[in-house]
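Each chain is listed here by its residues.
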Amino acid sequence: MIPLWWSGLARPFASGGIPLGPNARRLAQTLYSWVWVVVLVNYLVVAAIAQMQLNWFAEFAR
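1. Let's talk about the overall build of the protein chain
The number of helices and strands found in the protein chain is three helices and zero strands. Of the regular secondary structure in the protein chain, the N- to C-terminal order runs α-α-α. Relative to the 2.2 N^0.38 estimate, which gives 11 Å for 62 residues, the radius of gyration of the protein chain is 17 Å and therefore markedly larger than a compact globule would have. By principal-axis analysis of the C-alpha atoms, the protein chain measures approximately 60 × 15 × 15 Å. Surface summary for the protein chain: the accessible area is close to 5100 Å², and the carbon and sulfur share equals 73%.

Given below as structure tokens:
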């Protein structure tokens, strides 16, 4: 779900579905090529938050 959201957000700008100037289009295409990095960082943030919540809940089990 996360990769689909990020690529669905970036692709219309990069492919020309949303009209932009030439410099903005070039920037959008560059950012679109880095979507996989954004997805990876997003998964790591979600995993870190989940681990912190699990550690917090484990405090009550003692």
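2. A few points about helix H1 (residues 2-15)
End to end, H1 covers 20 Å across 14 residues, agreeing with the expected 20 Å (1.5 Å per residue, within 8%). Gly-16 occupies a position one or two residues after H1 and carries a positive phi of about 100 degrees.

3. Quick look at the packing of H1 against helix H2 (residues 22-33)
In the contact formed by H1 and H2, the axes pass within 8 Å of each other and the chain directions differ by 145 degrees. The interaxial crossing formed by H1 with H2 has left-handed handedness. Contact with H1, carried on its side by Ser-7, Ala-10, Arg-11, Pro-12, Phe-13, Ala-14 and Ser-15, involves Arg-25, Ala-28, Gln-29 and Tyr-32 of H2 and no other residues of that element. Here the contact of H1 with H2 is built from residues that sort into six nonpolar, three polar and two charged.

Rules of the game
- Residues numbered from 1 in each chain as written.
- Predicted model: local features only at pLDDT ≥ 70, side-chain atom pairs only at ≥ 80, totals over all residues.
- Heavy atoms only, no water.
- Helix = DSSP H or I, 4+ residues; strand = E, 2+ residues; numbered from the N terminus.
- Rg over C-alpha atoms; globule rule 2.2 N^0.38 Å.
- Areas by Shrake-Rupley, 256 points an atom, 1.4 Å probe, with all protein chains shown as cover.
- Expected span 1.5 Å × (residues − 1).
- Axes fitted to C-alpha atoms, helices over the stretch in contact; angles between N-to-C directions.
- Left-handed = near helix turned anticlockwise from the far one by under 90°.
- Contact = heavy atoms within 4.5 Å.
- Nonpolar A, V, L, I, M, F, W, Y, C, P; charged D, E, K, R; others polar.

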